[in-house]
Amino acid sequence: QRAAMTSRIDLLKSTNSRGEGSKSYGMLGMPGPGPIEGVNRANRDLVQYLYQPHCSQTDNAINSIEKSTALKREHVTYIAFALVGLFLCVGSAASFLCNLIGFGYPAYISVKAIRTPEKDDDTKWLTYWTVFGVFSVFDTFAEAILRFFPFYYLVKAAFLVYLYLPQTNGSEYLYTMYVDPLITKIDAFIASRRAPSTELRRAAN
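Residues numbered from 1 in each chain as written. Predicted model: local features only at pLDDT ≥ 70, side-chain atom pairs only at ≥ 80, totals over all residues. Heavy atoms only, no water.

Quick notes on the environment of Val 161
Here is step 1 of the chain: If you trace the backbone, Val 161 turns up in helix α8 (residues 152-164).
Here is step 2 of the chain: Classification of Val 161 by relative accessible area gives partly exposed; the value is 27%.
Here is step 3 of the chain: As a C-alpha pair, Val 161 and Tyr 105 span 56 residues in sequence and 9.8 Å in three-dimensional space. (Helix = DSSP H or I, 4+ residues; strand = E, 2+ residues; numbered from the N terminus. Buried < 20%, exposed > 50% of the residue type's maximum accessible area, 1.4 Å probe, protein only.)

Description of the packing of helix α2 (residues 35-51) against helix α4 (residues 73-90)
Here is step 1 of the chain: Two elements in contact, α2 and α4, have axes whose closest approach is 10 Å; the angle formed by their N-to-C orientations is 120°. Here α4 runs oblique to α2, going by the angle between their axes. Here the hand of the crossing between α2 and α4 comes out right-handed. Contacts between α2 and α4 involve Asn 43, Leu 46, Val 47, Leu 50 and Tyr 51 on the former and, on the latter, Arg 73, Glu 74, Thr 77, Tyr 78 and Phe 81.
Here is step 2 of the chain: Looking at the contact of α2 with α4 residue by residue, the classes come out as six nonpolar, two polar and two charged. (Axes fitted to C-alpha atoms, helices over the stretch in contact; angles between N-to-C directions. Parallel < 35°, antiparallel > 145°, perpendicular 65-115°, else oblique. Left-handed = near helix turned anticlockwise from the far one by under 90°. Contact = heavy atoms within 4.5 Å. Nonpolar A, V, L, I, M, F, W, Y, C, P; charged D, E, K, R; others polar.)

As for the UniProt feature "transmembrane region" (unreviewed entry) in the chain
Here is step 1 of the chain: UniProt's feature table lists "transmembrane region" (unreviewed entry) at residues 76-105 and 149-165, given in the numbering used throughout.
Here is step 2 of the chain: Overall, residues 76-105 shows 90% helix and 0% strand. The separation of its end C-alpha atoms is 22 Å.
Here is step 3 of the chain: For residues 149-165, helix accounts for 76% and strand for 0%, while the C-alpha atoms at its two ends are 25 Å apart. (UniProt positions renumbered as here; feature names shortened; annotations may be inferred.)

What about the side chain of Asp 59?
Here is step 1 of the chain: Relative to the helices and strands, Asp 59 resides in helix α3 (residues 56-69).
Here is step 2 of the chain: Buried charge without a partner: Asp 59 forms no salt bridge, and the closest opposite charge is Arg 73, 5.4 Å away. (Lys, Arg positive; Asp, Glu negative; His and termini not counted. Salt bridge = Lys/Arg side-chain N within 4 Å of Asp/Glu carboxyl O.)

Section: the layout of surface pockets
Here is step 1 of the chain: In this structure, the largest pocket occupies an estimated 670 Å³ of space.
Here is step 2 of the chain: Lining the largest pocket are 19 residues, and of these Ala 42, Phe 81, Ala 158, Val 161 and Leu 165 lie nearest its centre.
Here is step 3 of the chain: A per-element tally of the lining of the largest pocket places α8 first, with six residues.
Here is step 4 of the chain: Residues that form the lining of the largest pocket fall into these classes: 16 nonpolar, three polar and no charged. (1 Å grid on protein atoms, 1.4 Å probe; cavity = no way out; pocket = protein on both sides within 12 Å on 5 of 7 lines; lining within 4 Å. Points joined across faces, edges and corners; volume = space filled by probe spheres on them.)

Some thoughts on a nonpolar patch on the surface
Here is step 1 of the chain: Taken together, the side chains of Leu 71, Ile 79, Leu 83, Leu 86 and Val 90 make up a nonpolar region of the molecular surface, amounting to roughly 470 Å² of accessible area.
Here is step 2 of the chain: Checked against the element boundaries, Leu 86 lands in helix α4. (Patch = residues over 30% accessible without salt bridge, like charges linked within 9 Å, V, L, I, M, F, W, Y side chains within 5 Å. Areas by Shrake-Rupley, 256 points an atom, 1.4 Å probe, with all protein chains shown as cover.)

Some details on the packing of α4 against α8
Here is step 1 of the chain: Relative orientation of the contacting elements α4 and α8 amounts to 130°, with a least axis distance of 7 Å. Between α4 and α8, the angle is such that the two are oblique. Where α4 approaches α8, its residues Gly 85, Leu 88 and Cys 89 are matched on the opposing element by Tyr 153, Leu 154 and Ala 157.
Here is step 2 of the chain: Taken together, the residues of the contact of α4 with α8 break down into five nonpolar, one polar and no charged.

With respect to α2
Here is step 1 of the chain: In a regular helix each residue adds 1.5 Å, so 17 residues correspond to 24 Å; α2 covers 24 Å between its end C-alpha atoms and thus fits that length.
Here is step 2 of the chain: Where α2 is concerned, the buried positions are Gly 38, Arg 41, Ala 42, Asp 45, Val 47, Gln 48, Leu 50 and Tyr 51. (Expected span 1.5 Å × (residues − 1).)

Notes on the pattern of salt bridges
Here is step 1 of the chain: One pass over the structure, following the stated rule, counts three salt bridges.
Here is step 2 of the chain: Salt-bridge contacts for Arg 41 lead to Glu 37; the nearest nitrogen and oxygen are separated by 2.8 Å. Here Arg 41 pairs with Glu 37, and both are found in helix α2, just four residues apart, close to one helical turn.
Here is step 3 of the chain: According to the relative accessible area criterion, Arg 41 is buried, its value standing at 10%.

Structure follows, in structure tokens:
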């Protein structure tokens, strides 16, 4: 079993070395891969992580689950994700869990980013919170949407994960393609409104 695990890890490493694995997020203005490619990268990274050696208690627990379920560890993880998705559709605390997914991990990592002297991670998470703020406007209509679309919290949670996963880099993509151009148009509109009033004040003086 250990030999098979080692072989699986070597295969995943060779996949990443060919450039098929995940890469760190790019600079702002350089959007990451599309959603499908990003999900594939995230899946490869997840499987590689699951087959990496951890502490003895964790490894023993994972091996025990594999033996008792006769399933590979990645399949057990997929089932766990599916149960979370089901809860987001029918659970009584779906809103809380969705917000925890969107707030909990990003807030934790944002604090760690602030503590570091580097600015790249600050920019990444500031971009996430900017996009998050823009699209959170839809939450105003959450109750109305749930009446005819019960999968709202599932879709929202998947969208938030897409925003902050380094493999998908969704927040930088949406910021570059939509949010930044929108702010540019707003700035231009404000400047156009200010220009006539400035000229009137100069003429009056």
